[in-house]
Amino acid sequence: MGTSRAAGRSLARRRVRLSHIDVDNRLTPPIRPGTFPRGVPARSRAVPPFAMSAFLPLADAIARLVRPGDAVALEGFTHLIPFAAGHEIIRQGVTGLTLIRMTPDLVYDQMIGCGCATKLVFSWGGNPGVGSLHRLRDAVEHQWPRPLEIEEHSHSAMAHAYAAGAAGMPSAFFRGYRGSDLPAVNPRIAFIDDPFTGEPLAVVPALRPDVTIVHAQKADRDGNVLVEGIVGVQKEAVLAARRALVTVEEVVDTVAKPGGQNAVVLPSWTIDAIAVVPGGARPSYAHGYYARDNAFYVAWDAIARDRDRFRAWIDANVHAAVAR
Amino acid sequence: MGTSRAAGRSLARRRVRLSHIDVDNRLTPPIRPGTFPRGVPARSRAVPPFAMSAFLPLADAIARLVRPGDAVALEGFTHLIPFAAGHEIIRQGVTGLTLIRMTPDLVYDQMIGCGCATKLVFSWGGNPGVGSLHRLRDAVEHQWPRPLEIEEHSHSAMAHAYAAGAAGMPSAFFRGYRGSDLPAVNPRIAFIDDPFTGEPLAVVPALRPDVTIVHAQKADRDGNVLVEGIVGVQKEAVLAARRALVTVEEVVDTVAKPGGQNAVVLPSWTIDAIAVVPGGARPSYAHGYYARDNAFYVAWDAIARDRDRFRAWIDANVHAAVAR
Amino acid sequence: MSWSASEMMTVAAARALADDDVCFVGIGLPSAACNLARLTHAPRITLVYESGTLATKPTVLPLSIGDGELCETALTTVSVPEMFQYWLQGGRITVGFLGGAQVDRYGNLNSTVIGPYGAPKVRLPGSGGATEIATACRRTFIVMRHSPRAFVAEVDFLTSLGHGRTGRERRAMGIQTEGPVLLVSDLCTMRPHPETREFEVTSLHPGTTREQVVAQTGWPVQFAAVVEETPAPTATELETLRDLNARTAAAHGQASAAE
Amino acid sequence: MSWSASEMMTVAAARALADDDVCFVGIGLPSAACNLARLTHAPRITLVYESGTLATKPTVLPLSIGDGELCETALTTVSVPEMFQYWLQGGRITVGFLGGAQVDRYGNLNSTVIGPYGAPKVRLPGSGGATEIATACRRTFIVMRHSPRAFVAEVDFLTSLGHGRTGRERRAMGIQTEGPVLLVSDLCTMRPHPETREFEVTSLHPGTTREQVVAQTGWPVQFAAVVEETPAPTATELETLRDLNARTAAAHGQASAAE
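Quick caveat, the model's predicted, so the values are computed rather than measured. Along each chain, residue indices are assigned from 1 in the same order as the chain's sequence is written. Think of it this way: whatever chain is written first is A, whatever ligand is written first is 1, and the rest follow in order. Note on the predicted model: pLDDT of at least 70 is required for a residue's local features to be given, and 80 or more for side-chain atom pairs to be given and counted; whole-chain, interface and lining totals, by contrast, use all residues. Side-chain measures were taken over the full set of non-hydrogen atoms in the model, leaving aside hydrogen atoms and water.

Observations regarding the overall build of chain C
What chain C contains, in helices and strands, is 8 helices and 14 strands. Taken over C-alpha atoms, the radius of gyration comes to 18 Å for chain C, in line with the 18 Å a tight globule of 259 residues would show. With respect to the principal axes defined by its C-alpha atoms, chain C has extents near 45 × 45 × 35 Å. Working definition: with a 1.4 Å probe on protein chains only, accessible area under 20% of the residue-type maximum means buried, over 50% means exposed, and in between means partly exposed. Put simply, chain C has 259 residues, and 68% of those count as buried. If you take every contact in chain C between residues at least 6 apart in sequence, the share linking residues at least 24 apart comes to 63%. Exposure was quantified through the Shrake-Rupley algorithm and a 1.4 Å probe, taking into account, for residues, occlusion by the shown protein chains and nothing else. Carbon and sulfur atoms provide 53% of the accessible area of chain C, an area that totals close to 8,200 Å². Computed over 21 positive and 26 negative side-chain charges, the separation of the two mean positions in chain C equals 4 Å. Elements are defined by DSSP. Helices are runs of H or I of four residues or more, strands are runs of E of two residues or more, and each kind is numbered from the N terminus. In this setup the radius of gyration rests on C-alpha atoms only. A globule is expected at 2.2 Å times the number of residues raised to 0.38. Two residues qualify as a contact provided that any one of their heavy atoms is within 4.5 Å of a heavy atom in the partner residue. Two residue types count as positive, namely Lys and Arg, and two as negative, namely Asp and Glu; His and chain ends fall outside the count. One atom stands in for each charge, and that atom is NZ of Lys, CZ of Arg, CG of Asp or CD of Glu.

Observations regarding the packing of aromatic side chains
The criterion for an aromatic pair is that two Phe, Tyr or Trp rings (for Trp, the six-membered ring) have centres within 6.5 Å, with stacked assigned to planes under 30 degrees apart, edge-to-face to planes over 60 apart and tilted to the rest. All chains considered together, the criterion is met by 19 aromatic pairs over all chains. When the ring of Phe296(B) is compared with that of Trp313(B), the centres are 5.6 Å apart and the planes differ by 40 degrees; the resulting orientation is tilted. Separated by 17 residues along the polypeptide, Phe296(B) in helix 9 (residues 294-305) and Trp313(B) in helix 10 (residues 307-319) bring together distant segments of the chain. For the pair Phe97(C) and Phe141(C), a centre-to-centre distance of 5.5 Å together with 90 degrees between the ring planes defines the contact as edge-to-face. Separated by 44 residues along the polypeptide, Phe97(C) in strand 5 (residues 95-98) and Phe141(C) in strand 10 (residues 139-143) bring together distant segments of the chain. With relative accessibility at 5%, the residue Phe97(C) sits in the buried group. Look at Phe141(C) and you get buried, because its relative accessible area is 3%. Taken together through their ring pairs, the aromatic side chains of Phe296(A), Trp300(A), Phe310(A) and Trp313(A) make up a single cluster. Looking at Arg135(A), its charged tip hangs above the ring of Phe310(A), at a distance of 5.5 Å from the centre. Criterion for a charge above a ring: Arg CZ or Lys NZ at most 6 Å from the ring centre, at most 35 degrees from the ring normal.

Side note on the sheet that holds strand 9 (residues 190-193) of chain A
All names here are of chain A. Pairing is antiparallel across the open sheet formed by 3 strands, whose spatial order is 8-10-9. For this open sheet the edge positions go to strand 8 (171-174) and strand 9, each flanked by a neighbour on one side alone. With strand direction ignored, the average angle separating the axes of adjacent strands in the sheet is 35 degrees. At least two DSSP bridges between two strands are required for those strands to pair. Summarising the sheet, strand 9 and strand 10 (residues 200-205) pair through 4 bridges and their orientation is antiparallel. Axis lines are fitted through C-alpha atoms, for helices just across the contact stretch, and the angle between N-to-C directions can take any value from 0 to 180 degrees.

Describing the pattern of salt bridges
Residues and elements named next belong to chain C. Whenever Lys or Arg places a side-chain nitrogen within 4 Å of a carboxyl oxygen from Asp or Glu, that contact is recorded as a salt bridge. Tallied over the entire structure, the rule returns 40 salt bridges over all chains. Where Glu-7 meets Arg-242, a salt bridge forms, and the shortest distance between an N and an O atom there is 2.8 Å. Linking Glu-7 in helix 1 (residues 5-15) with Arg-242 in helix 8 (residues 235-252), this pair joins segments that are 235 residues apart in sequence. Among the residues examined, Glu-7 registers a relative accessible area of 10% and is labelled buried. Look at Arg-242 and you get partly exposed, because its relative accessible area is 31%.

Here we look at helix 1 of chain C
Residue and element names in this part refer to chain C. The element helix 1 is largely enclosed, with a buried count of 9 among its 11 residues. Burial in helix 1 covers these residues: Ser-6, Glu-7, Met-8, Met-9, Thr-10, Val-11, Ala-12, Ala-13 and Ala-14. Here the buried face of helix 1 lies against helix 2 (29-39), strand 5, strand 10, strand 11 (180-184), strand 12 (188-192) and helix 8.

A word on the environment of Ala59(B)
Relative to the helices and strands, Ala59(B) is located in helix 2 (residues 58-65). On a C-alpha basis, the gap between Ala59(B) and Glu88(B) in space is 6.5 Å, while along the polypeptide they are 29 residues apart.

Concerning the confidence of the model for chain A
pLDDT runs from 0 to 100 and stands for how confident the predictor is about each residue. Here chain A averages 83 in pLDDT, and 81% of its residues register 70 or above. Segment residues 1-49 of chain A: pLDDT under 50, and 135 contacts once partners within four positions in sequence are set aside and those in other chains are kept.

Here's the deal with empty space enclosed by the protein
The method works on a 1 Å grid over the protein atoms by themselves. A cavity is a set of points holding a 1.4 Å probe that cannot get out, a pocket is an open set with protein on both sides within 12 Å along at least five of seven lines, and residues with an atom within 4 Å of a point line them. Grid points are joined across faces, edges and corners, and a volume is the space filled by probe spheres set on the points. Enumeration according to the criterion identifies 10 cavities of 30 Å³ or more in this entry. Estimated volume of the largest cavity: approximately 920 Å³. Elements represented by at least two residues in the lining of the largest cavity include exactly helix 6 (155-166), strand 8 and helix 8 (234-240) of chain A, helix 6 (155-166), strand 8 (171-174) and helix 8 (234-240) of chain B, helix 4 (80-89) of chain C together with helix 4 (80-89) of chain D. The nonpolar class holds Ala, Val, Leu, Ile, Met, Phe, Trp, Tyr, Cys and Pro. Asp, Glu, Lys and Arg form the charged class, and all remaining residues, Gly among them, are polar. Of the residues belonging to the lining of the largest cavity, the class tally is 25 nonpolar, 18 polar and 6 charged.

Structure (structure tokens):
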């Protein structure tokens, strides 16, 4: 997945490290034991291993982390969808992306309609509670604005594949796809026989995005991130990625909770950059901050049905907007 | 694993249901899609599917749920080890057990020394921070008080195997056992080639205890259980089991947390019985209730070294103690 | 009291749920049916949404599967991988609700494409959770509106397995769960024949004729030996459902999402 | 200031840790070394214990891997399956500490049995996390006291892979992590030869002779071209370590668990 390993490396000297500005100065993905047998070599001990996340303006973070041709996952299961980051990718005109998301939702409908993507990996491509994603359908049915290759899975497969990516596994093994036609149209679904019972089990390659972007409620000043409420696959998507960007509602003193030690926390050293973007999940929602703009999800149906109306909306609401 | 399916079924008519005494009146394990191809048949729709947990005195709960020959997991990773339940099993003289635990700890040293077990499935058999488990060693090295078959894994394998059991999988697939001699002495470790990369991966059968017993801080009146602090593999061990017993420090009005929605909660319908046993994890600890009795862990070394001294300790501290 | 076809469907589906059921709930009519059951005859029913919310008790119906309301009223919320691993695949769900653009006589469902996969006439949303809901839940209920385009002789694409294309594949594969046991439409309820697994009409909703069902079904539809009339919605059922829909409309500032 | 052999070992191990390291910490000397590093030259080092506690900053050393102190001072605590799946196997750990009853010249470790597996002379605790720590961490440090019974020509059982029984197996298996890069004993520090991967002595602790090392090593031990003297523990290192041990002893009501 992804063609930008070299591009990623070219960024390696530009890392600004939180509270140690320019000391660390690199941006290198963690090694992945899971890349056997075509993995990257283990990193030299001369290079310090992991770095903490850097706080960057959103435009800078996107410019540094998202490259043309990348496999990109913007995750968030209904909740905490990183719309602001998606809009910044549109503004920067990044193209050739493989977009990965369980539910493409409006954020990918917009990115696909703007021509950012050449491939979509997904498991449910609708407007939740409303109907179709018309830009996605237009791309698949009429190749507008460009052809869109699709790799289609079930939710269970994608959830397992993100977890396998986070766990450094080459693939995810699960009980799935039984009796479905999906394996016939997706060569990235295989079956093996369980070595102990003989039961056929489904296998899909682990998801390993070049970049994962998620939105969360809070980061602390050390760059640790707290996700609360419906946490979806965000943790797995971040841990599976070579590079990770988190947009957050706000920065607080600490995200550690003495009374709630089992919270979903992404440690600083699993994240490359953090951008503070209040409202960065709108029209999706941020639990404890603002509600889902259900009316916009309904209104999007009419906007997205028509190519001209869609383009006008993007011009007015994405391109005219100043990057936060 | 386990030979007591029929025994478990014979209990099926004795279930007392919380707040609906004698209405439900059954104790049937959930179906497991994962038992293909030798699985139990899907349960008839005439029988309501899942039941809530019943509050029972500890002695009753053990009598109803733990049968001779069962595969039993008493879990708790250092924290929340269910000692009181282990002592009750000793008092009831249950034998022929396959004992499953990542770290047998003192609780299994005691049960093995009392002759409860014929087999041990484990991954680290020491007294943490102190040294050996002398009763375990005496059983393995000198077959006292009876021979003990061992099935030996690594922590990673057992953690994956519990998770696979909870996930209804026949086996766990992971990157493990590379270069180790353990696969040569444990036939329940297999290897397959990843279908996409060709990488050899380890496979172990899912852990499916007949009974899992854990200790937790709190149950609410509906029988939902909250586990806090170091949560170990308790959730997976409960969800992997055919029957589950939880001992708790106390019963509270609610374990749901409006501000901490992502807590580790075992819903009532995943548990068969709950016994309120304050101090039920001593000399292990319960976060927020009492600390680990480190001095006892040290003192155990001398007690367990000597067979007579061990038996005297069990007589005085287990058999003479009234079941709580 | 009079009622709409949608209300009749919702009520008929709700009645099939029991207090001990653990339901994997989809948005729209299934959500309305499950919550109606909870608010009437099955107060202890457990509702699980695939967003990870366990044992939710929403006071209004969610617009999406991941509304904050579901999380706020849940016993707890787990990650989506855990939901699919420990809860769905782990065999903890008794009833899954499914629907789709097409269903065949054996309850096989298509929610992927109309036309060929590579050059679709209509690109539908796809599987979502459905493919594994269809095989991992102890049993499934199908809820769909009757029409010859929806009730088809052969699905264009088999997204979610019912009893298989000949009614025998599910058992042949050794799948231990029951599969689709109930189909509720706006005209009737159908259940699979015990031997052939072909869905046949077991009750007609009040005012519906056999001819209407035949006309709206794309295969030669069978009727059970005894076809009953679906009991009409009771006043309690209708009032509870309408209150729920009214609260939902007020909360979402629009027409009910359950319609 | 004078110091014990145990203090010298702890200090030497601590010095090998960097501010950016993420360490999978075992109980005993590794725990003391990691916390000493955190309290001296590596204040931002991240300590992970296999009980699931991420980024802990204990004020006293834990007696067990799952002490409450670790959880209370952690950034967060995850389940044990998650620890082994996402954090260890996921490649997030830079340094793992290992020890055992036996080590060979290639850093292969035995913590399982002395004697035959089926009829052991001594039954040891077993792998615990070690088998996968040995292959999943970017690199590992071995900490063991020198003796001919511990530093053996051939391990009775290979619990945790070093560089393999001939020094070539690790690379031959395509394992991407570095394996054991440092061995600290009470006499010296050893590092693998770049070509053969055989551990050779690279520094002798103050007061230790080559003859002592030879006498305590069960194979014909090699010395690097340049063998340095390990710098003695500084006053700061000793004071910090002793304070830590004193706090630990006071908290646990006994002699330090790190001894």
